[in-house]
There are 2 protein chains.
Amino acid sequence: MLQEILGELKRRGCRITEQRQTIIEAVLAVAGSRFTAYDVWERVKAIQPELGLDTIYRNIKLLEELGFLASIGGVGKEGNRYEVAGRDHHHHLVCLRCGKTECIDYCPIDDVLVNLVQERGYDLVRHQLELMGICRTCRQ
Amino acid sequence: MLQEILGELKRRGCRITEQRQTIIEAVLAVAGSRFTAYDVWERVKAIQPELGLDTIYRNIKLLEELGFLASIGGVGKEGNRYEVAGRDHHHHLVCLRCGKTECIDYCPIDDVLVNLVQERGYDLVRHQLELMGICRTCRQ
DNA sequence: CTTAATGCAAAACCTTTGCATTGGC
DNA sequence: GCCAATGCAAAGGTTTTGCATTAAG
């Protein structure tokens, strides 16, 4: 995955800086859960303390444009969250207490819904389902 | 609805100020679509120009605590959106271009999903489905 | 009269942007 | 050496907070 991203960046004429590589590695390391720009920053700071949040944002935006990351909104007042794209279509199960997120590989979107959207005159672009609950650990 | 809210506020020992009443009326007026604090402010300013956004936020927070409003996140970089609570369970259809929101009174959550969540050890508290597309007006 | 609510201003967030400097290529 | 990317600082937008003042009860 790392090589694939670096390759595409080169093909696009982007430069592979130390910072950029560190950021991409950090993003891939937290992949699996949805992360904020700040999450990435915390990881990256340990390796390159001078690296600023602005650089994180710029790189996240770049990766988003290239289709490697997808913005998936955030809950409450936390900032935007992102996840690594390219995974099969899926939804999220979020623990309301600890924020832990799991992916659900099942999609309940059915014809009824698709028709409803069409009737209202919308072109459906995407959708997201968020299941919120309390995980086993937090319940104890 | 207005009377119900005012009654509960009094019962709680809150004071009914002109500003508060104007805000609640504005909130109820935009009910049906999801609104931001700014949306409310624009309506309210016409009636009480001195009323500040801070007062809107304070009152929205209060109404949220009393259970009359629910925060339902926002799309992209727009601020939080709210809606009047107590309505039947429903989901949302959002136009990605203009932000307009419609309610969908159909819920596709099925047994497969409920079982999946249980298997993972979560108590399902709530869920939200967001259908995103481009509305007829914006497509032209 | 008491004290909750407001108005104002300032701060706290998250995110973006301008510009000089650095460093890939 | 060229120009993309970074670092820094500052600005934008949303939301919160402190504090003196106003007004509901």
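Residues numbered from 1 in each chain as written. Chains lettered and ligands numbered in written order. Predicted model: local features only at pLDDT ≥ 70, side-chain atom pairs only at ≥ 80, totals over all residues. Heavy atoms only, no water.

**Student:** Looking at this structure, I do not really get the protein's contact with DNA strand C. What am I missing?
**Tutor:** Around DNA strand C, a shell composed of 20 residues is seen, among which Arg15 and Tyr57 of chain A together with Gln19, Arg20 and Asp54 of chain B lie nearest. Each atom of DNA strand C within 4 Å of the protein belongs either to a base or to sugar and phosphate, the latter forming 58%. Here a phosphate oxygen of DNA strand C sits 2.9 Å away from a polar atom, N or O, in the main chain of Ile16 of chain A. Contact distances for DNA strand C include 3.3 Å between a phosphate oxygen and a side-chain N or O atom of Asn59 of chain B. The set of elements that each furnish at least two residues to the surface near DNA strand C consists of helix H4 (53-65) of chain A together with helix H2 (18-30) and helix H4 (53-65) of chain B. Tallied by class, residues from the surface near DNA strand C come to 4 nonpolar, 7 polar and 9 charged. (Near = heavy atom within 4 Å. Polar contact = N/O pair within 3.5 Å; in protein donor to acceptor, adjacent residues only side chain to side chain. Helix = DSSP H or I, 4+ residues; strand = E, 2+ residues; numbered from the N terminus. Nonpolar A, V, L, I, M, F, W, Y, C, P; charged D, E, K, R; others polar.)

**Student:** I keep staring at the nonpolar core and nothing clicks. Help me out?
**Tutor:** Side chains that are nonpolar tend, in soluble globular proteins, to be buried together. Residues and elements named next belong to chain B. If you look at the biggest cluster of nonpolar residues, it comprises 24 residues, and the most contacted ones within it are Val40 and Ile56. For this core, the leading source of residues is H2, giving 5 residues. Other than its neighbours up to four places away in sequence, Ile56 contacts Ile23, Ala37, Val40, Trp41, Val44 and Leu51. (Core = buried A, V, L, I, M, F, W, Y, C linked by side-chain atoms within 4.5 Å. Buried < 20%, exposed > 50% of the residue type's maximum accessible area, 1.4 Å probe, protein only. Contact = heavy atoms within 4.5 Å.)

**Student:** Is there a simple way to explain the relation of the copies chain A and chain B in this structure?
**Tutor:** One copy of the chain maps onto the other through a rotation about an axis plus a displacement along that axis. Superposing chain A onto chain B takes a rotation of 179° plus a shift of 0.1 Å along the axis, which leaves an RMSD of 0.8 Å. The relationship between the two copies is best expressed as a two-fold rotation axis. If distances are taken from each C-alpha of chain A to the rotation axis, the shortest is found for Leu129 of chain A, at 2.3 Å. Comparing interface residues between copies, 100% of those in chain A also sit at the interface in chain B, which points to an isologous, same-surface contact. (Least-squares fit on C-alpha atoms with pLDDT ≥ 70 in both.)

**Student:** Is there a simple way to explain the protein's contact with DNA strand D in this structure?
**Tutor:** Around DNA strand D, 19 residues are found, and the nearest of them are Gln19, Arg20 and Asp54 of chain A together with Tyr57 and Asn80 of chain B. Within 4 Å of the protein, the contacting atoms of DNA strand D are 60% sugar and phosphate, with bases supplying the remainder. The separation between a phosphate oxygen of DNA strand D and a polar side-chain atom of Arg20 of chain A is 2.8 Å. In this structure, a phosphate oxygen belonging to DNA strand D sits 3.1 Å away from a side-chain N or O atom of Thr55 of chain A. Taken together, the elements giving at least two residues each to the surface near DNA strand D come down to helix H2 (18-30) and H4 of chain A together with H4 of chain B. Per-element tally for the surface near DNA strand D: the top contributor is H4 of chain A, with 4 residues. Across the surface near DNA strand D, the residue classes tally to 4 nonpolar, 7 polar and 8 charged.

**Student:** What am I meant to see in the sheet that holds strand S4 (residues 101-104) of chain B here?
**Tutor:** By way of backbone hydrogen bonds, the strands of a sheet pair with one another, either parallel or antiparallel. Within the open sheet, the 6 strands sit side by side as S4(A)-S3(A)-S5(A)-S5(B)-S3(B)-S4(B). Their pairing is mixed. In this open sheet, the two edge strands, each paired with only one partner strand, are strand S4 (101-104) of chain A together with S4 of chain B. If you compare each strand with its neighbour and ignore which way they point, the axes differ by 25° on average. (Pairing = 2+ DSSP bridges. Axes fitted to C-alpha atoms, helices over the stretch in contact; angles between N-to-C directions.)

**Student:** Which parts of the structure should I look at to understand the side chain of Arg34 of chain A?
**Tutor:** As for its position among the elements, Arg34 of chain A is in the loop between H2 and helix H3 (37-45). In terms of polar contacts, Arg34 of chain A uses its side chain to reach the side chain of Glu130 of chain A, at 3.1 Å.

**Student:** Help me out: how do you make sense of H2 of chain A in this one?
**Tutor:** One turn of the α-helix equals 3.6 residues, which is why residues spaced by three or four share an orientation. Residue and element names in this part refer to chain A. The end-to-end C-alpha distance of H2, which contains 13 residues, comes to 19 Å, matching closely the 18 Å that a straight helix rising 1.5 Å per residue would cover. Arg20, Thr22, Ile23, Ile24, Ala26, Val27 and Val30 are the residues of H2 that are buried. Taken together, the buried residues of H2 touch helix H1 (2-11), H3, H4, strand S1 (69-71) and strand S2 (82-84). (Expected span 1.5 Å × (residues − 1).)

**Student:** Even after reading the chapter, I still don't get the packing of H2 of chain A against H3 of chain A, so can you show me in this structure?
**Tutor:** In a pair of packed helices, the angle between the axes and the distance between the axes together describe the arrangement. Residues and elements named next belong to chain A. Remark: H2 packs on H3, axes separated minimally by 9 Å, with the N-to-C direction vectors making an angle of 120°. The two elements H2 and H3 meet at a crossing, and its hand is right-handed. From H2, Thr22, Ile23, Ala26, Val27, Ala29 and Val30 reach across to H3, where they touch Val40, Arg43 and Val44. Counted by class, the contact of H2 with H3 contains 7 nonpolar, 1 polar and 1 charged residues. (Left-handed = near helix turned anticlockwise from the far one by under 90°.)

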